Amino acid sequence: MKFIYTQPHDWTEQEKTLAPYIDHCKQVVATSDYNALEASLCLSSDKEILAQVDEMIKKKKTNELKYIIVIGIGGSNLGTKALYDSLYGSVDVLTPDRYPKMFFLDTIDPKANTTFLNYFDKYITNENEFSISIISKSGGTTEPLVNAEILLGHLKKQFPNWKDRCVIITDNNSKMWDEGKRIGIDVLGIPKKVGGRYSILSAVGLFPLAMAGIDIRSLLKGAESMRSLCISDTSENHARSSSIFQYLYLQEGKAIHNSFYFHPELESLGKWYRQLVGESIGKDNIGVTPMVSIGSVDHHSMVQLYWGGPSDKTTELVYSKKQSSCLVPSDPLFPTLSTTEGKDTAEIVSAIQKGTALTYENQKQPYFEVVLDDINEYEIGAYMQYKMMEILYLAHLMKVNAFDQPQVELYKIETRKILVKK
Ligand code: PA5
């Protein structure tokens, strides 16, 4: 992964502010300190968690496995969906013979639930064909609880061994943990100090992804190598650079950050990052509003605003060095219109990327580029680790607590109160 940016101002002061915090993070990693708020930094090298996940995979994986269903919302599913979609998402529907496939049940959507149950009734004949992960850090979130009741309530009528096909992933102290144990469903834990949006490298992401055949060792390796860079005192500390970059522009009133991905399959990755930004630093009446754009869909929808509207944003252009290839025929159907006959789409996409970066440059809009070597487990693992560390550093500069989400909790409490009253 390569990180290209122009340093906006002198940032010696911010480097000095971050230095002790980066040292602290280094210490957390060196001592595997799961009591620290930054406990998620220990995950990429945690052999114990990996062994627990491997053990569960051995128990649950079957040769007939076709459907991995993830019930969870927010930090409990966005990271997993980001990875799955990065690798398969945008064309998943066009590869009907590729299994296992993942389905995500997050919101309570009666139409989606009913369609899903009908699909199950029609296409699943054998319980070895599916695996269900019920994921909730707190164990008390309304949406996953409702979806789990609906799906499992339906399945148990048809599949006598339904419990064997489920795994609950939750905090070791949650009521869901106790319930899982009581009714005889296997349970995997989430370390106490690892919050939802930082949990992708725990069992939350590792178990369902490995069930789907995704190479979690490579994912962890990518994250671990990025972690080494981002606790170092070198110019390769991308998390430090981009946190300072965003911080300095935030001081100038650029309070919107646009993540511009040049591969449609990375849209879910953008949504994962959006949660990380929104919940980690949107508090105490300050924050950065995260946006996700897709190249070149949004060139024909949003760039007018980006380049002609208010200069209130920083932008991150993300693309992969390795591009798939597809040739435009050299004998065009529309010879008077065509300018690209015989060209490779990789060349055309690359021209759009370069053209976009140049326009940002010419329009004097602050941006940086993240160039992935490829779109695979290793690179996405590295990117996710970089982003989680960037947000820790940005929160430190902004002097906000990156680990809580008090306003999200408010809505959960009010919803529960309303439901109990009725
Ligand atoms: O990052 C967070 O902590 C939140 O977004 C949670 O992931 C989200 O609210 C879902 O909560 P839970 O995993 O407890 O069901």
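Residues numbered from 1 in each chain as written. Predicted model: local features only at pLDDT ≥ 70, side-chain atom pairs only at ≥ 80, totals over all residues. Heavy atoms only, no water.

### Focus on the sheet that holds strand β3 (residues 101-105)
So, step 1. The sheet built from five strands is open, its strands ordered β3-β2-β4-β5-β6 with parallel pairing. Of all the strands in the sheet, just β3 and β6 (186-190) have a single pairing partner and so form its edges. Averaged over neighbouring strand pairs, the angle between their axes works out to 20° when direction is ignored.
So, step 2. When strand β2 (residues 67-71) meets strand β4 (residues 130-136), the two strands line up parallel, connected through five bridges. Considered in β4, the bridge of Tyr67 is made with Phe130.
So, step 3. Packing of helix α2 (residues 47-60) onto the sheet brings it into contact with β5 (166-171) and β6, and relative to β6 it is tilted by some 160°.
So, step 4. Along the sheet, helix α5 (residues 142-158) contacts β2, β3, β4 and β5; its crossing angle with β4, the most-contacted strand, is approximately 155°. (Pairing = 2+ DSSP bridges. Helix = DSSP H or I, 4+ residues; strand = E, 2+ residues; numbered from the N terminus. Axes fitted to C-alpha atoms, helices over the stretch in contact; angles between N-to-C directions. Contact = heavy atoms within 4.5 Å.)

### Topic: helix α3 (residues 78-87)
So, step 1. Most of α3 sits out of view: seven of its 10 residues are buried.
So, step 2. Turning to α3, its buried residues number three or more, namely Gly79, Thr80, Ala82, Leu83, Tyr84, Asp85 and Ser86.
So, step 3. Of the surrounding elements, those touching the buried residues of α3 are β3, α7 (203-211), α8 (216-230), α10 (267-281) and α13 (377-398). (Buried < 20%, exposed > 50% of the residue type's maximum accessible area, 1.4 Å probe, protein only.)

### Considering the site of the ligand
So, step 1. Around the ligand sit 14 residues in total, of which Ser76, Ser136, Ser138, Thr141 and Gln275 are the nearest.
So, step 2. One of the side-chain nitrogen or oxygen atoms of Ser76 is found 2.7 Å away from an oxygen atom of the ligand.
So, step 3. Residue Thr141 places a side-chain N or O atom 2.5 Å away from an oxygen atom belonging to the ligand.
So, step 4. When the free accessible area of the ligand is taken as 380 Å², the share hidden by the protein chains comes to 93%.
So, step 5. Here the residues of the shell around the ligand are counted per class, giving one nonpolar, nine polar and four charged. (Near = heavy atom within 4 Å. Polar contact = N/O pair within 3.5 Å; in protein donor to acceptor, adjacent residues only side chain to side chain. Areas by Shrake-Rupley, 256 points an atom, 1.4 Å probe, with all protein chains shown as cover. Nonpolar A, V, L, I, M, F, W, Y, C, P; charged D, E, K, R; others polar.)

### Examining the sheet that holds strand β10 (residues 367-372)
So, step 1. Reading across the sheet, the five strands line up as β1-β10-β9-β7-β8 and stay open at both edges, with mixed pairing between neighbours. Of all the strands in the sheet, the pair left with one neighbour each is β1 (2-5) and β8 (289-294). Taken over all neighbouring pairs, the strand axes of this sheet differ in orientation by 20° on average, direction set aside.
So, step 2. In this sheet, β10 lies alongside β1 in antiparallel orientation, the contact comprising four bridges. Within β10, the residue paired with Lys2 across the bridge is Val371.
So, step 3. In this fold helix α12 (residues 345-362) packs onto β7 (256-261), β9 (313-320) and β10, with an angle of close to 160° to the strand it touches most, β9.
So, step 4. Those strands touched by α13 are β1, β7, β9 and β10, and its axis lies near 150° from that of β10.

### Describing the packing of helix α4 (residues 110-123) against α5
So, step 1. As a packed pair, α4 and α5 sit with axes 11 Å apart at the nearest point and diverge in direction by 20°. The angle between α4 and α5 places the two elements in the roughly parallel class. Judged by the twist between their axes, the crossing of α4 over α5 is right-handed. Here α4 contributes Asn113, Phe116, Leu117, Phe120 and Asp121 to the contact with α5, which in turn contributes Asn147, Ile150, Leu151, His154, Leu155 and Gln158.
So, step 2. Its residues placed into classes, the contact of α4 with α5 shows six nonpolar, four polar and one charged. (Parallel < 35°, antiparallel > 145°, perpendicular 65-115°, else oblique. Left-handed = near helix turned anticlockwise from the far one by under 90°.)

### A word on the domain arrangement of the chain
So, step 1. Partitioning the chain into domains gives domain 1 (2-25 + 232-398) and domain 2 (34-214).
So, step 2. A separation of 30 Å is found between the C-alpha centroids of domain 1 and domain 2.
So, step 3. Taken together, the 24 residues of domain 1 in the interface contact 19 residues of domain 2.
So, step 4. A combined buried area of about 1,900 Å² lies between domain 1 and domain 2, and 64% of that area is made up of carbon and sulfur atoms.
So, step 5. At the junction of domain 1 with domain 2, the criterion picks out one salt bridge.
So, step 6. The partner of Arg197 in a salt bridge is Glu279, and the shortest N-O contact between them spans 3.1 Å. (Domains from an automatic or database assignment. Buried area = accessible area lost by both parts, 1.4 Å probe. Salt bridge = Lys/Arg side-chain N within 4 Å of Asp/Glu carboxyl O.)

### Section: a nonpolar patch on the surface
So, step 1. Residues Val91, Val93 and Leu94 make up a contiguous nonpolar surface patch of about 330 Å² in total accessible area.
So, step 2. With respect to the helices and strands, Val93 occurs in the loop between α3 and β3.
So, step 3. On the basis of relative accessible area, Val93 is assigned to the exposed category, the value being 71%. (Patch = residues over 30% accessible without salt bridge, like charges linked within 9 Å, V, L, I, M, F, W, Y side chains within 5 Å.)

### So, the environment of Leu83
So, step 1. Positionally, Leu83 belongs in helix α3.
So, step 2. Along the primary structure Leu83 and Ser338 are separated by 255 residues, whereas in three dimensions their C-alpha atoms are 36 Å apart.
So, step 3. Ignoring anything within four residues of it in the chain, the contact list for Leu83 reads Ile200, Leu209, Leu219, Ile380 and Met384.

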